Protein chains: 2
Amino acid sequence: MAKYLIIGGVAAGMSAATRLRRLQEDAEIIVFERGAHVSFANCGLPYYLGGEITDRDALLVQTPAKLKARFNLDVRENAAVTAIDATAKTVRVEPTTGAAYTESYDKLILAPGAKPVVPPISGLADAHNVFTLRNIADMDQIDSFIQAHKPRTAVVVGAGAIGLEMTESLVRQGLHVSLVDATSHVLPALDVEMAPALHTALQNHGVQLHLGAAVTAIGDHAVTLSDGQPLAADLILLSVGVRPETTLAQTAGVALEETTGGIAVNDQYQTSVADIYAVGDAIAVTNQLTGQPALISLASPANRQGRHVADVLSGVQTINKGGIGTAIVRVFDQVAATTGLNERQAQAAALNYRMVHLNGKDHAAYYPDAVGMSLKLVFDATTGKVLGAQAVGPRGVDKRIDVLATAIKAQMTVFDLEELELSYAPPFGVAKDPVNMLGYAAANVVQGLTHTIQWHELAGELAAGKKLLDVREPDEFATGHFKGAINIPLDQLRSRISELDKRADYIVSCQSGLRSYNAERLLRGHGFNVQNLDGAIGLAAPVIPELITTEVTV
Amino acid sequence: MAKYLIIGGVAAGMSAATRLRRLQEDAEIIVFERGAHVSFANCGLPYYLGGEITDRDALLVQTPAKLKARFNLDVRENAAVTAIDATAKTVRVEPTTGAAYTESYDKLILAPGAKPVVPPISGLADAHNVFTLRNIADMDQIDSFIQAHKPRTAVVVGAGAIGLEMTESLVRQGLHVSLVDATSHVLPALDVEMAPALHTALQNHGVQLHLGAAVTAIGDHAVTLSDGQPLAADLILLSVGVRPETTLAQTAGVALEETTGGIAVNDQYQTSVADIYAVGDAIAVTNQLTGQPALISLASPANRQGRHVADVLSGVQTINKGGIGTAIVRVFDQVAATTGLNERQAQAAALNYRMVHLNGKDHAAYYPDAVGMSLKLVFDATTGKVLGAQAVGPRGVDKRIDVLATAIKAQMTVFDLEELELSYAPPFGVAKDPVNMLGYAAANVVQGLTHTIQWHELAGELAAGKKLLDVREPDEFATGHFKGAINIPLDQLRSRISELDKRADYIVSCQSGLRSYNAERLLRGHGFNVQNLDGAIGLAAPVIPELITTEVTV
């Protein structure tokens, strides 16, 4: 009868424990959780604090008693494992109450998770109003603080998913929130040009955005930004990221993966030390798109890894294949989701990538309440292999990103996206779904039927003498256009083609890039040298406002 | 300069025309549409009749004038093409007004669509209240009839997608609707055990369901069913299916595919006659799962085929790969969607398939307003290749079927479904998404970790002497259970295992099949011979009610 110890009883650890039991009815399985709760709904914490989830018990998915009854698990909460003796094959357990003790194992599974990064900020050590959010205890502390101190202002440091969810939650609780992030935009998984809709949503709900800024000092009900600006801060939430919890693993001499700092495991979740396995947020996985080590701190992969390490330990064939990373976050009335590589990651991996941007509808435009979403696809320039996708909009974003995540997992190309047969009836989709449209648009790029330029290349190209032709209607043009642009509406382009100069190089633009693509093909058919501004002015205007004017120059 | 004639100006034809223009600026392109409207929103017709879409113009996506201005297309509405002379390479055009004429072509694209099947019913020829719904003219006729005659009762014949949508639309207009179908359940794309939730939704909204029945005669404000029963019928809608429109093609000697009656095309959309191509609902395509010819009358594939025939004619490389078929329909507060093969199709194709049923949530159970959905996955018994999926529920069904449709296109296995990284935050998904869960459950079947039986096998197995063990709680058991079932709640199973007989064969059941799977593994670990009832009593009760009782027999 094998004896398994599992360190960590949340997603990965508990999935491992229950699967182990189903596969080995006679095994001895002990789960140690240093916190007060196993198997809690980690991702629900911000929603409880925002008052959307009102029943705290709903977050507590399991109890030791229930796990004993159903799965015959020996679950020990408030039981920190502080050291591993890999030679003796024992661990040292220090419960919150009671004496420390030693427990032996045949196989040890590490599922300790990740811990919030706490940056060094002056005044942090003395502050009593600074929080991180990773578990039920953190949530309870924030909740108690809000009840007891009635904070009116908050500063959230770090605009990743947790920072954004907590910003919305605190606004829902009536606080005035400042959101600070060191980068140029919220949600680092997005590329910068995809973020403006989120910035607008935040600002529309009264959030003060401080981008490209850091908190350098914490004072009395205030913080100081890197530019010296003070911000009122009755409550401060640090959400600048997490790092793998590896302290315990290192007591056993378990090797870490160098570039990420996560626990190194092979494709059977084995660490460098015999009979010690590791799963969940603490491990480094292989990014399936770059082949490089990566950290993916998400619930779904953690659950899968927990299940699969139990398979490994039970002789059920499985492989740790790594991951691609898929995430979603709601920001008030907008939703942003990402999968695979963004442009910066594709660039960092030195891939030969291209991209397309487009706007789509969540369902048929002629059926009530259709809403727009903006999408970006990153793909291999030569093969068309899909590398990553981003989507932002009020609705329907989760579906498209899930489809694209599936396509990426399947190593599909942009030509395969054209072929996808997605469910269509007017309330649910579009006959040419945004995902199909991404395929069509990207296939045009790979096949050389369109020559695009990106928003960040525009200033340089115009400075080099290219002419910008805007094919929107005059009333659209009048509301704002690129400085120096010529305006000929698409539907007049054939009849007014003599107004253009065949010796010139043109860049065409419209609102979203669709009409200008038609204009590009038209002009190319007439022998013009022309490029399409991918995403057109709708995408570019918020990120290169300096190139925009309402003055009609032609 | 090539001259293209396109017959049919809706989805496939118009996609071909606009793509051709983008690829060949100098081509002559003429589109003939026998109806009064090109490029209308076919799938919106029932929603206009139901009053959800109030603007008729919203359905009219394009006009000849707009298509001329933007794409330089010569679009001729009310222009029936009645004959093709493939030798002379001309067609005969008979406009609604004006003289017939001949038009020559270099290449001809047939996109005539499909026409509603009208079954031979006594009295049909004399009736003035019988309609089909395929285009704007049909819709206008029904609309005018309803306005003029204020029908109070309707009979809808055929419970496919259009029949179901029109049933809901007529109920929304205040009519009492009887829905008649010759099969045992609505929506033939579903297997029978997946349909009860739709039957309930229809009945909850006052629809009279007549299944396994046909309309044999049409009389005055009434029809007669095959069992002699009369039904009040001020209005009758025939929605028993469509068949390819091939009359014109046959005038040119174009060969049809024998088993389907659709126009036969090769992987370049070429018909059997030189310089004649065909796309859309009129053609036979290859079912990618069976390799057999099939008809797929859906908007998305038609659009893609139109685009791709233009590629073929312009030297842009593409292949007609065929399809898998993905469809969705709303039935009041329920949504049903399907992709790939259902069980009957897998059986007909003599595939070695297995299946799993399970219930899932649209989003995290601990976040407000989570709703359940039921899912079915059909997969290869040996390789685990996914063959088809069905889902029914109030919300979230479209997303899961789209993900599964993508997985099927990618030839993924159930093991790949486990690996999918789908977007998860509490409002949008589940950490173990229903799609992942389908993968887990199906992988257990393929790997032999669970031995399931299906609902339709239960009666036989019980008659053969197997014992049924229900592992729900006593209060659940009391509300209804299989006759003769033993009740031991899962959480008591280990302590009461001595109550079971190791020489007996057990079938375990619960509400959805999850607890009973755990019970199966537990009992198997103790040496019992046990099978899990896939989908459990929740799935089985509506389809085998004769096996259910509320009497406690043990």
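The rules behind these values
Residues numbered from 1 in each chain as written. Chains lettered and ligands numbered in written order. Predicted model: local features only at pLDDT ≥ 70, side-chain atom pairs only at ≥ 80, totals over all residues. Heavy atoms only, no water. Helix = DSSP H or I, 4+ residues; strand = E, 2+ residues; numbered from the N terminus. Rg over C-alpha atoms; globule rule 2.2 N^0.38 Å. Buried < 20%, exposed > 50% of the residue type's maximum accessible area, 1.4 Å probe, protein only. Contact = heavy atoms within 4.5 Å. Areas by Shrake-Rupley, 256 points an atom, 1.4 Å probe, with all protein chains shown as cover. Lys, Arg positive; Asp, Glu negative; His and termini not counted. Charge placed at Lys NZ, Arg CZ, Asp CG, Glu CD. Pairing = 2+ DSSP bridges. Core = buried A, V, L, I, M, F, W, Y, C linked by side-chain atoms within 4.5 Å. Least-squares fit on C-alpha atoms with pLDDT ≥ 70 in both. Axes fitted to C-alpha atoms, helices over the stretch in contact; angles between N-to-C directions. Polar contact = N/O pair within 3.5 Å; in protein donor to acceptor, adjacent residues only side chain to side chain. Salt bridge = Lys/Arg side-chain N within 4 Å of Asp/Glu carboxyl O. Buried area = accessible area lost by both parts, 1.4 Å probe. UniProt positions renumbered as here; feature names shortened; annotations may be inferred. Right-handed = clockwise from strand over helix to strand, strands pointing away. Parallel < 35°, antiparallel > 145°, perpendicular 65-115°, else oblique. Nonpolar A, V, L, I, M, F, W, Y, C, P; charged D, E, K, R; others polar. Phe/Tyr/Trp six-rings, centres within 6.5 Å; stacked < 30°, edge-to-face > 60°.

For the rest of this paragraph, the subject is the overall build of chain A. A count of helices and strands for chain A gives 16 helices and 32 strands. On C-alpha atoms alone, chain A measures out to a radius of gyration of 27 Å, which is about the 24 Å that the 2.2 N^0.38 rule sets for 554 residues. Projected onto the principal axes, the alpha-carbon positions of chain A cover approximately 90 × 55 × 45 Å. Residues counted as buried form 58% of the 554 residues belonging to chain A. Relative to all contacts within chain A whose residues are 6 or more apart in sequence, the contacts with residues 24 or more apart total 64%. A total of about 20100 Å² of accessible surface is found on chain A, and carbon and sulfur atoms cover 50% of it. With 44 positive and 58 negative side-chain charges, chain A shows a separation of 3 Å between the mean positions of the two kinds.

Before going further, it helps to examine the pairing of strand 4 (residues 79-85) of chain B. Across 6 bridges, the pairing between strand 4 of chain B and strand 5 (residues 90-95) of chain B is antiparallel. When the sheet's bridge partners are listed, A83 of chain B is paired in strand 5 of chain B with R92 of chain B.

Residue and element names in this part refer to chain A. Residues P196, L198, H199, A201 and L202 constitute the buried set of helix 6 (residues 196-204). The secondary structure elements touched by the buried residues of helix 6 are helix 5 (161-172), strand 11 (176-181), strand 12 (208-211), strand 21 (326-331), strand 22 (334-340) and strand 25 (386-393). Positive phi shows up at G206, right after helix 6, with a value of about 85°.

Counting residues in each nonpolar core, the largest one holds 103 residues, and the members touching the most others are L377 and F482 of chain B. Ignoring any residue separated from it by four or fewer positions in sequence, one finds F482 of chain B in contact with L458, L468, S509, L533, I537, A540, I544, L547, I548 and T549 of chain B. Grouped together as the second largest cluster of nonpolar side chains are 101 residues, A201, A407, L420 and V435 of chain A included.

Among all residues save glycine, negative phi is the norm, and among peptide bonds the norm is trans. Residues and elements named next belong to chain A. Although it is not a glycine, N72 sits at a positive phi angle of roughly 50°. The residue N72 is located in the loop between helix 3 (64-71) and strand 3 (74-76) in this model. For N72, a relative accessible area of 25% translates into the label partly exposed. Within the chain, D275 stands out as a residue other than glycine whose phi angle is a positive 70°. Its location among the elements puts D275 in the loop between helix 7 (247-251) and strand 18 (276-278).

This part covers the relation of the copies chain A and chain B. Under the fitted operation, chain A is carried onto chain B by 0.0 Å of movement along the axis and a turn of 180°, and the coordinates agree to an RMSD of 0.1 Å. Considering both components of the superposition, the chain copies are consistent with a two-fold axis. The fraction of interface residues of chain A whose copies in chain B are also interface residues reaches 100%, indicating that both copies meet through the same surface.

This next bit is on the sheet that holds strand 2 (residues 28-32) of chain B. All names here are of chain B. Strand order in the open sheet formed by 5 strands is 3-2-1-7-18, and the pairing between neighbours is parallel. Two strands in the sheet have a free side with no partner beyond their single neighbour: strand 3 (74-76) and strand 18 (276-278). In this sheet, neighbouring strand axes are inclined to one another by 20° on average, regardless of whether the strands run parallel or antiparallel. As paired elements, strand 7 (residues 107-110) and strand 18 share 3 bridges and run parallel to each other. Residue pairing in the sheet places L108 in a bridge with I276 of strand 18.

Summarising the element assignment, A195 of chain B is placed in the loop between strand 11 (176-181) and helix 6 (196-204). Residues contacting A195 of chain B, with those up to four places away along its chain left out, are H185, V186 and L190 of chain B.

Residues and elements named next belong to chain B. With respect to the helices, strands and loops of the structure, E94 is situated in strand 5. A relative accessible area of 36% means that E94 is categorised as partly exposed. Excluding anything up to four places from it in sequence, E94 contacts N78, A79, A80, T82 and A100. Here R92 takes part through its side chain, which lies 3.2 Å from a polar atom of the side chain of E94.

So, on to the pattern of salt bridges. Summed over the entire model, instances satisfying the criterion amount to 66 salt bridges over all chains. In this structure, D191 of chain B engages K376 of chain B in a salt bridge whose closest nitrogen and oxygen atoms are separated by 2.8 Å. Residue D191 of chain B is located in the loop between strand 11 and helix 6, and its partner K376 of chain B is located in strand 24 (residues 372-380); the two are separated by 185 residues in the primary sequence. Per residue, the accessibility class of D191 of chain B equals that of K376 of chain B, and both read buried. Counted as one network, the salt bridges with shared partners bring together D191, E193, E343, R344 and K376 of chain A.

Turning to the environment of N487 of chain A, a few remarks are in order. All names here are of chain A. Residue placement: N487 occurs in strand 29 (residues 486-487). In this structure, the C-alpha to C-alpha distance between N487 and V240, residues 247 residues apart in sequence, is 45 Å. Beyond its immediate sequence surroundings of up to four residues, N487 is in contact with D470, R472, E473, P474, F477 and R496. At a separation of 2.9 Å, a polar atom in the side chain of N487 contacts the main-chain carbonyl oxygen of R472.

This brings us to the interface of chain A and chain B. Facing 84 residues of chain A, the contacting portion of chain B comprises 84 residues. Carbon and sulfur atoms make up 54% of the area that chain A and chain B hide from each other, which totals about 7400 Å². The interface formed by chain A and chain B includes 14 salt bridges. Between R494 of chain B and E25 of chain A there is a salt bridge, and its shortest N-O distance comes to 2.7 Å. Across the chain A-chain B interface, the total number found is 46 residue pairs in polar contact (both at pLDDT 80 or more).

Here we come to the sheet that holds strand 13 (residues 215-219) of chain B. All names here are of chain B. Read from one edge of the open sheet, 3 strands run 13-14-15, paired in antiparallel fashion. Single-partner strands in this sheet number two, and they are strand 13 and strand 15 (230-232). Across this sheet, the average inter-strand angle for adjacent strands is 25°, counted without regard to direction. Pairing between strand 13 and strand 14 (residues 222-225): 4 bridges, direction antiparallel. Across the sheet, G219 pairs through a bridge with A222, a residue of strand 14.

This part takes up the UniProt feature "domain: Rhodanese" (unreviewed entry) in chain A. Within this numbering scheme, the UniProt entry marks residues 462-549 of chain A as carrying the feature "domain: Rhodanese" (unreviewed entry). Helix makes up 27% of residues 462-549 of chain A and strand 23%, and the two end C-alpha atoms of the span are 15 Å apart.

Take the pairing of strand 1 (residues 3-7) of chain A next. Residue and element names in this part refer to chain A. Within strand 1, 5 of the 5 residues are buried, which leaves it mostly tucked inside the rest of the structure. Judged by which residues are buried, strand 1 turns out to be covered on both faces: K3, L5 and I7 on one side and Y4 and I6 on the other are all buried. In this fold, strand 1 hands off to helix 1 (residues 11-23), which returns the chain to strand 2 (residues 28-32); that crossover is right-handed. Two elements, strand 1 and strand 7 (residues 107-110), share 4 bridges in a ladder whose sense is parallel. Residue pairing across strands places L5 opposite L108, the latter belonging to strand 7.

Once that is clear, we can look at the packing of helix 15 (residues 514-525) of chain A against helix 1 (residues 11-23) of chain B. Axis angle and axis distance: for two packed helices, these are the angle between their axes and the distance between the axes, and together they describe the pair. For the pair helix 15 of chain A and helix 1 of chain B, the least separation of the axes is 7 Å and the interaxial angle reads 50°. Here helix 15 of chain A lies oblique to helix 1 of chain B, going by the angle between them. Side by side, helix 15 of chain A and helix 1 of chain B meet where Y517, N518 and R521 of chain A of the first sit next to R19, R22 and L23 of chain B of the second. Residue composition of the contact of helix 15 of chain A with helix 1 of chain B, by class: 2 nonpolar, 1 polar and 3 charged.

Here we come to the packing of helix 10 (residues 397-409) of chain B against helix 12 (residues 434-446) of chain B. Residue and element names in this part refer to chain B. The N-to-C vectors of helix 10 and helix 12 enclose an angle of 50°; their axes lie 9 Å apart at closest approach. One element, helix 10, and the other, helix 12, form an angle in the oblique class. Residues R400, V403 and L404 of helix 10 form the contact with helix 12, whose own contacting residues are P434, V435 and L438. The residue makeup of the contact of helix 10 with helix 12, split by class, is 5 nonpolar, no polar and 1 charged.

All told, the structure shown has 6 aromatic pairs over all chains when counted by the stated rule. Judged by centre distance (5.5 Å) and plane angle (85°), the ring pair of Y367 of chain A and Y47 of chain B falls under edge-to-face. One end of the pair, Y367 of chain A, is in the loop between strand 23 (353-361) and strand 24 (372-380); the other, Y47 of chain B, is in helix 2 (residues 45-49), on a second chain. On the basis of relative accessibility, which here comes to 2%, the residue Y47 of chain B falls in the buried class. A centroid spacing of 6.0 Å and a plane angle of 65° characterise the contact between Y506 of chain B and F528 of chain B, whose relative ring orientation is edge-to-face. In this pair, Y506 of chain B sits in strand 30 (residues 505-509) while F528 of chain B sits in the loop between helix 15 (514-525) and strand 31 (529-533), placing the two residues 22 residues apart along the sequence. Under the relative-accessibility criterion, Y506 of chain B is labelled buried at 2%. The class for F528 of chain B is buried, based on a relative accessible area of 6%.

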